[in-house]
Amino acid sequence: AGTFELAPDEALVVRVESPIEPHYLGFQLANLWGESLDQANYVSSATGSQNPVASDGARYYVVSAGDPGTAGWLDTTGLDKVTMSMRFIFREAPARDEMPSIKTFATRLDDVRSVLPEDFPSVAPAERRRQVDGRQRHIQRRWRQY
């Protein structure tokens, strides 16, 4: 968990490597009061299944206000100060040397690709729109009125 501040042209790249694949991995952005950012209209959280392992064995999350056109992007929804939290759930407790490691890289939004693997997937605007559409449908089902 942590708090950070980004200018509109900056990004925070979070590299997560786990020797043992977690049963569940969740990464979520929130405001300074710990309230989740809008999950329906923005890609402001991701599970491990929504952000698969890259070719180098790590997961990458790119946090920024602008879409870098990559997989793993989390939108700050226009906030410049954001908190983040990551949760790991394992079927069995990993040994000390099997714990996940997390590294962060601050970069300009235009330079995000310089800290990602060469073959890291791109995401076109139409695909990003489909991601948000799917999130909206999920939130409507999850929070429907009874």
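The structure presented is a predicted model; accordingly, all values stated were derived computationally and were not measured.

### Remarks on the pattern of salt bridges
According to the stated counting rule, one finds seven salt bridges in the structure shown. A salt bridge links Asp67 to Arg128; its shortest N-O distance comes to 2.8 Å. Highlighted residues: Asp67 in the loop between strand S5 (58-64) and strand S6 (73-75) and Arg128 in helix H1 (residues 125-142), separated in sequence by 61 residues. Using a relative accessible area of 35% as the deciding quantity, one classes Asp67 as partly exposed.

### Concerning the packing of aromatic side chains
Each aromatic ring pair is characterised by the separation of its centres together with the angle its planes make. One pass over the full model with this rule turns up three aromatic pairs. The interplanar angle of 75 degrees and the centroid separation of 5.7 Å between the aromatic rings of Tyr60 and Phe120 together place this pair among those described as edge-to-face. Of this pair, Tyr60 sits in strand S5 while Phe120 sits in the loop between strand S8 (101-108) and H1, placing them 60 residues apart in sequence. A relative accessible area of 4% places Tyr60 in the buried class. Both rings, one in Phe88 and one in Phe90, keep their centres 6.2 Å apart while their planes meet at 10 degrees; by these two values the pair is stacked. You can call Phe88 partly exposed: its relative accessible area is 25%.

Quick notes on the rules
Residue positions are counted from 1 within each chain, in the order its sequence is given. For this predicted model, a pLDDT threshold of at least 70 governs which residues receive local features, and a threshold of 80 or more governs which side-chain atom pairs are given and counted, while totals over whole chains, interfaces and linings are taken from all residues. Only hydrogens and water are set aside when side-chain values are computed; all heavy atoms of the structure are taken into account. Salt bridges are defined as contacts in which a side-chain nitrogen from Lys or Arg sits within 4 Å of a carboxyl oxygen from Asp or Glu. Strands here mean DSSP runs of E at least two residues long; helices mean DSSP runs of H or I at least four residues long; both are numbered from the N terminus. For every residue, the accessible area (1.4 Å probe, protein chains only) is compared with the maximum for its type, and the residue is labelled buried under 20%, exposed over 50%, or partly exposed between those bounds. Planes of paired rings set the category: under 30 degrees apart is stacked, over 60 is edge-to-face and the rest tilted, where pairs are Phe, Tyr or Trp rings (Trp by its six-membered ring) whose centres lie within 6.5 Å.

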